[in-house]
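Below, each chain spelled out in residue letters.
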Amino acid sequence: MDSLETALAVPNSSEKSNTSGLATIAAIATPLGRGGVGVIRLSGSRAYDMACALTGKSAFTPRMASFCRFYQADGTVIDEGLVLFFKGPYSFTGEDVIELQGHGGVILQNQLLARVFELGAKQASAGEFSYRAFDNDKLDLVQAEAIADAIDATSAAAASSAIRSLSGEFSQKINQLLEQLIHLRLHVEAAIDFPDEEDVDFLSDGVIQSKLEQTQDKIQQVLATAKQGQLLRDGIHVVLAGRPNAGKSSLLNRLAGQERAIVTDVAGTTRDTLQETVVLNGLTLHLTDTAGLRETEDTVERIGIERARTAITQADMLLMVYDVTRDVEEESTPLQLAEQLFGELPEAKRLLIIANKSDLLSDNDKEKKCCYDPS
Ligand SMILES: Nc1nc2c(ncn2[C@@H]2O[C@H](COP(=O)(O)OP(=O)(O)O)[C@@H](O)[C@H]2O)c(=O)[nH]1
Ligand SMILES: [Mg+2]
């Protein structure tokens, strides 16, 4: 240890002036609870001095881990661990950042944080580290959002999509679009401001028109990617719908890997909608099993069917399960059944038609009833 005196001294605020004008902030960066390691992060112009005062060390080398003890003002040891120093602007926030890696217990972490506050740090508010990173041009808004998405990701696919955004892939696309639009605007303004000059009569030759159309196409592509990203992040709402007894609940149970829904051969067994979240190939699916769609006098079943219809309109993807032995007549196709059951579906909604109970058909019938050409 360099000097215990330094550890005991609360930094003199007139000496350690806050050059950036912003308070040095601190927060526990790891989840509170039992853990091998708990990290407290500090950011701001006084972070370095606070680390010196906390540990009694007089210097830290950027990006080198230093093993230290963390002291209370009276010299008692709170904990021991590593100090990492990231000198601004080469840090997450662009300011001086200190990471204190102590042990991961609730008491120890809270004591260490309290000591850092005593040394003059302020509690960081939610998102403040990211905000400072944004303010110092270390991150743009898309990347800041990507951090929250990566942390909240409930599936591997969502996490890797967020990390791709964080690396700036999505921001780059947005910035390219912005540049194209600015470029187009300049041309249009020039054509309006100098209408008599032949050289600047860009509007009439159709070039601007086609560039504008190309940009519109790219915007559509970006919107589609964004929708996909949203589905990955929040999970896809998949609704199982069809006639009673088609096998919807059996499919839900199979996908969920447990007997979640009641399955019987009595039509109208499922009355209420029932939800189960599963992760399939890294994708989060929120599955909703619904009451079979049919005309009924039964009050409870009717309410169930209304709920099914609401779920169908809200779904990202619709799985129409049909019983191949019963639900489709000789001359009709499953798509006609879908139209009959759901009416006209909005284009964006994906419909997946599932021919169920094919095990009850002969091989010859299977070919006929389960495979059809939707065109
Ligand atoms: N043979 C056969 N029976 C099935 C299949 N899927 C479901 N069933 C039976 O069909 C009946 C109705 O199933 P259920 O999942 O409750 O249908 P739902 O009303 O659409 O939810 C039950 O007796 C199931 O055991 C299948 O693939 N093959
Ligand atoms: Mg059912």
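All of these numbers come straight from a predicted model, not from anything done at the bench.

A. Structural detail: the overall build of the protein chain. Looking only at helices and strands, the protein chain features 12 helices and 11 strands. Per-residue burial for the protein chain yields a buried fraction of 37% across its 375 residues. Counting contacts in the protein chain only where the partners sit at least 6 residues apart, residues at least 24 apart contribute 61% of the total. As displayed, the protein chain has an accessible area near 21600 Å², and 52% of this comes from carbon and sulfur atoms.

B. Fine view of the coordination of the magnesium ion (ligand 2). Distances from the magnesium ion (ligand 2) to its protein donors, Ser249 (OG) and Thr270 (OG1), fall at 2.0 to 2.1 Å. With serine 249 in helix H9 (residues 248-256) and threonine 270 in the loop between H9 and strand E8 (274-280), the pair connects residues that are 21 residues apart, well separated along the chain.

C. Structural detail: helix H10 (residues 299-314). Helix length check: H10, at 16 residues, gives a terminal C-alpha distance of 23 Å against a target of 22 Å (1.5 Å per residue), a fit within 8%. Those residues of H10 not exposed but buried are Glu301, Gly304, Ile305, Ala308, Ala311 and Ile312. Looking straight down H10, one finds its buried side chains confined to an arc of 115°; they lie on one side. Those residues of H10 that are exposed and angled more than 90 degrees off the buried face are Thr299, Glu306, Thr313 and Gln314. Considering only its buried residues, H10 is in contact with strand E7 (236-242), strand E9 (283-289), strand E10 (317-323) and helix H11 (334-342). Measuring from the backbone nitrogen of valine 300 back to the side-chain oxygen at the start of H10 gives 2.9 Å, which picks out aspartate 298 as the cap.

D. Spotlight on helix H7 (residues 169-193). Across its 25 residues, H7 extends 36 Å between first and last C-alpha, which sits within 8% of the 36 Å expected from 1.5 Å per residue. Residues of H7 that are buried include every one of Phe170, Ser171, Leu177, Leu184, Ala190 and Ala191, and no others.

E. Looking closely at the nonpolar core. Grouped together as the largest cluster of nonpolar side chains are 23 residues, with contacts concentrated most on Leu42, Phe60, Phe70, Val83, Ile98, Leu100 and Leu112. Among the secondary structure elements, those contributing two or more residues to this core are strand E2 (38-43), helix H2 (47-55), strand E3 (65-71), strand E4 (77-86), strand E5 (97-102) and helix H3 (106-118). The greatest single-element share of this core, amounting to 7 residues, is contributed by H2. Among all residues touching isoleucine 98, those that are not within four sequence positions of it are Ile40, Arg41, Leu42, Ala47, Tyr48, Ala51, Val83, Leu84 and Phe85. Grouped together as the second largest cluster of nonpolar side chains are 19 residues, Ile305, Ile312, Leu341 and Phe342 included.

F. Spatial organisation of the confidence of the model for the protein chain. Of the residues in the protein chain, 89% reach a pLDDT of 70 or more, and the chain-wide mean stands at 85. Every residue in residues 1-19 is under pLDDT 50, and counting partners more than four places away or in other chains gives 39 contacts.

G. A look at the packing of H7 against helix H8 (residues 207-234). The interhelical angle for the contact between H7 and H8, taken along N-to-C directions, is 155°, at an axis separation of 11 Å. As the angle between them shows, H7 and H8 are arranged roughly antiparallel. Of the two elements, H7 crosses H8, and the hand of that crossing is left-handed. In this structure, H7 contributes Phe170, Lys173, Ile174, Leu177, Gln180, Leu181, Leu184, His187 and Val188 to the contact, and H8 contributes Ile208, Lys211, Leu212, Thr215, Lys218, Ile219, Val222, Thr225 and Ala226. By residue class, the composition of the contact of H7 with H8 is 11 nonpolar, 4 polar and 3 charged.

H. Molecular detail of the site of ligand 1. Surrounding ligand 1, one finds 15 residues, the nearest of these being Asn245, Gly247, Lys248, Ser249 and Ser250. At 3.1 Å from an oxygen atom of ligand 1 is found a main-chain nitrogen or oxygen belonging to alanine 246. One of the side-chain nitrogen or oxygen atoms of lysine 357 is found 3.0 Å away from an oxygen atom of ligand 1. For ligand 1, whose free accessible area comes to 580 Å², the fraction covered by protein is 76%. The element best represented in the shell around ligand 1 is H9, accounting for 3 residues. Looking at the shell around ligand 1 residue by residue, the classes come out as 4 nonpolar, 7 polar and 4 charged.

I. Summary view of the sheet that holds E4. In spatial order, the strands read E3-E4-E5-E2-E1-E6; together these 6 strands make up an open sheet with mixed pairing. Every other strand in the sheet has two partners, leaving E3 and strand E6 (122-123) as the edge strands with one partner each. The sheet strands contacting H2 are E2, E3, E4 and E5, and the helix crosses E3 at an angle near 65°. Sheet strands touched by H3: strand E1 (25-28), E2, E3, E4, E5 and E6. Its angle to E1, the strand with the most contacts, is close to 175°.

About the cut-offs
Residues numbered from 1 in each chain as written. Chains lettered and ligands numbered in written order. Predicted model: local features only at pLDDT ≥ 70, side-chain atom pairs only at ≥ 80, totals over all residues. Heavy atoms only, no water. Helix = DSSP H or I, 4+ residues; strand = E, 2+ residues; numbered from the N terminus. Buried < 20%, exposed > 50% of the residue type's maximum accessible area, 1.4 Å probe, protein only. Contact = heavy atoms within 4.5 Å. Areas by Shrake-Rupley, 256 points an atom, 1.4 Å probe, with all protein chains shown as cover. Donors = N, O, S within 2.8 Å, 3.2 Å for Na, K, Ca; no water. Expected span 1.5 Å × (residues − 1). Arc of directions from axis to C-beta. Polar contact = N/O pair within 3.5 Å; in protein donor to acceptor, adjacent residues only side chain to side chain. Core = buried A, V, L, I, M, F, W, Y, C linked by side-chain atoms within 4.5 Å. pLDDT = per-residue confidence, 0-100. Axes fitted to C-alpha atoms, helices over the stretch in contact; angles between N-to-C directions. Parallel < 35°, antiparallel > 145°, perpendicular 65-115°, else oblique. Left-handed = near helix turned anticlockwise from the far one by under 90°. Nonpolar A, V, L, I, M, F, W, Y, C, P; charged D, E, K, R; others polar. Near = heavy atom within 4 Å. Pairing = 2+ DSSP bridges.

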